[in-house]
Amino acid sequence: QLSSIFEQHLYDLKTKNFNLGSVLVFSGGETEPELQSIRKIYPDTLISFFGIEGPQVTFFDLNQRNDCNREFDFVLCNQVIEHLLNHSVAFDNLTSLVKKEGYIWITLPFINIPHGEPTSYISGASPLYIERNLLERGIRSISKGNFGTKRYYISSLRSEEHTSELPVTPIS
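Residues numbered from 1 in each chain as written. Predicted model: local features only at pLDDT ≥ 70, side-chain atom pairs only at ≥ 80, totals over all residues. Heavy atoms only, no water.

**Description of the pairing of strand S1 (residues 22–26)**
Okay, so step 1: In terms of burial, S1 is a largely internal element, five of the five residues being buried.
Okay, so step 2: Where burial is concerned, the two faces of S1 agree: the one with Ser22, Leu24 and Phe26 and the one with Val23 and Val25 are both buried.
Okay, so step 3: Alignment of S1 against strand S2 (residues 46–51), held across five bridges, turns out to be parallel. Note that in S2 the partner of phenylalanine 26 across the bridge is phenylalanine 50.
Okay, so step 4: Sheet analysis places S1 next to strand S4 (residues 72–78), joined by four bridges and oriented parallel. (Buried < 20%, exposed > 50% of the residue type's maximum accessible area, 1.4 Å probe, protein only. Helix = DSSP H or I, 4+ residues; strand = E, 2+ residues; numbered from the N terminus. Pairing = 2+ DSSP bridges.)

**Quick notes on unusual backbone geometry**
Okay, so step 1: Notably, asparagine 17 is not glycine yet its phi reads approximately 60°, a positive angle.
Okay, so step 2: Within the fold, asparagine 17 resides in the loop between helix H1 (2–15) and S1.
Okay, so step 3: The residue glutamine 79 is not glycine, and still its phi comes out positive at about 60°.
Okay, so step 4: Along the polypeptide, glutamine 79 turns up in the loop between S4 and helix H3 (87–96).

**Description of the nonpolar core**
Okay, so step 1: Grouped together as the largest cluster of nonpolar side chains are 22 residues, with contacts concentrated most on Phe26, Leu62, Val75, Cys77, Leu94, Leu97 and Ile106.
Okay, so step 2: Residue assignment for this core shows that the elements contributing at least two residues are S1, S4, H3, strand S5 (98–107) and helix H4 (127–135).
Okay, so step 3: Look past the residues within four positions of cysteine 77 in its chain and what remains in contact with it is Phe26, Leu62, Leu94, Trp105, Ile106 and Thr107. (Core = buried A, V, L, I, M, F, W, Y, C linked by side-chain atoms within 4.5 Å. Contact = heavy atoms within 4.5 Å.)

**Regarding the pattern of salt bridges**
Okay, so step 1: This structure, assessed with the given rule, holds six salt bridges.
Okay, so step 2: For glutamate 7, the salt bridge goes to lysine 40, with nearest N and O atoms at 2.8 Å. One end of the pair, glutamate 7, is in helix H1; the other, lysine 40, is in helix H2 (residues 33–41), and 33 residues separate them in sequence.
Okay, so step 3: Among the charged side chains, a salt-bridge network with shared partners connects Arg65, Asp92, Glu136 and Arg137. (Salt bridge = Lys/Arg side-chain N within 4 Å of Asp/Glu carboxyl O.)

**A look at the confidence of the model for the protein**
Okay, so step 1: Residues with a pLDDT of 70 or more make up 73% of the protein, whose mean pLDDT is 79.
Okay, so step 2: At the level of individual helices and strands, the protein shows its lowest average pLDDT in helix H5 (residues 150–158), which scores 51, and its highest in S1, which scores 94.
Okay, so step 3: In this model, residues 159–172 is a region of pLDDT below 50 whose contacts with residues beyond four sequence positions or in other chains number four contacts. (pLDDT = per-residue confidence, 0-100.)

**Description of the sheet that holds S2**
Okay, so step 1: The five strands lie next to each other as S3-S2-S1-S4-S5, forming an open sheet whose pairing is parallel. Bordering the open sheet on either side are strand S3 (58–59) and S5, each of which pairs with just one other strand.
Okay, so step 2: The sheet strands contacting H3 are S1, S4 and S5, and the helix crosses S5 at an angle near 135°. (Axes fitted to C-alpha atoms, helices over the stretch in contact; angles between N-to-C directions.)

**Some details on H4**
Okay, so step 1: Listed as buried for H4 are Pro127, Ile130, Glu131, Asn133 and Leu134. Taken around the axis of H4, the buried residues stretch over an arc of 165°, which confines them to a single face. Exposed residues pointing more than 90 degrees away from the buried face of H4 are listed as Arg132 and Leu135.
Okay, so step 2: In this fold, the buried residues of H4 make contact with H3 and S5. (Arc of directions from axis to C-beta.)

Encoded structure:
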């Protein structure tokens, strides 16, 4: 479902003669399903990978203020924000990396089970959360929505196998 929505947005950009010369992918890697769509519709696009680990990744921690002298036509941040502690700095970093007439594609679970421990800090946020954070930085949203199935949402609310006990430290 999400891949077809993403692909439709790419086709819309193509019909508007948008030049997608450079794409920045946060986290993930070659397995990101969106990359298949980008390569199909914009086969000559230069793709770069930023993040904190991986063989082809340029180190860039979204939790810390970064000075980067590069800008991209399109920034893809797929299922990353929930693993970050400092969302304000992360949104500052993301918006500083996109060209003035460029695009940012951010996905974040609306509701989710803890995953990617020990760095699963939030279990979801509304599309409005992303939109407001971008708007504060002068970036206008052209589309927002949810993805997933009702069955997944219900099972994530009931799931006990993925919960973990955090150590409790008494306050003195």
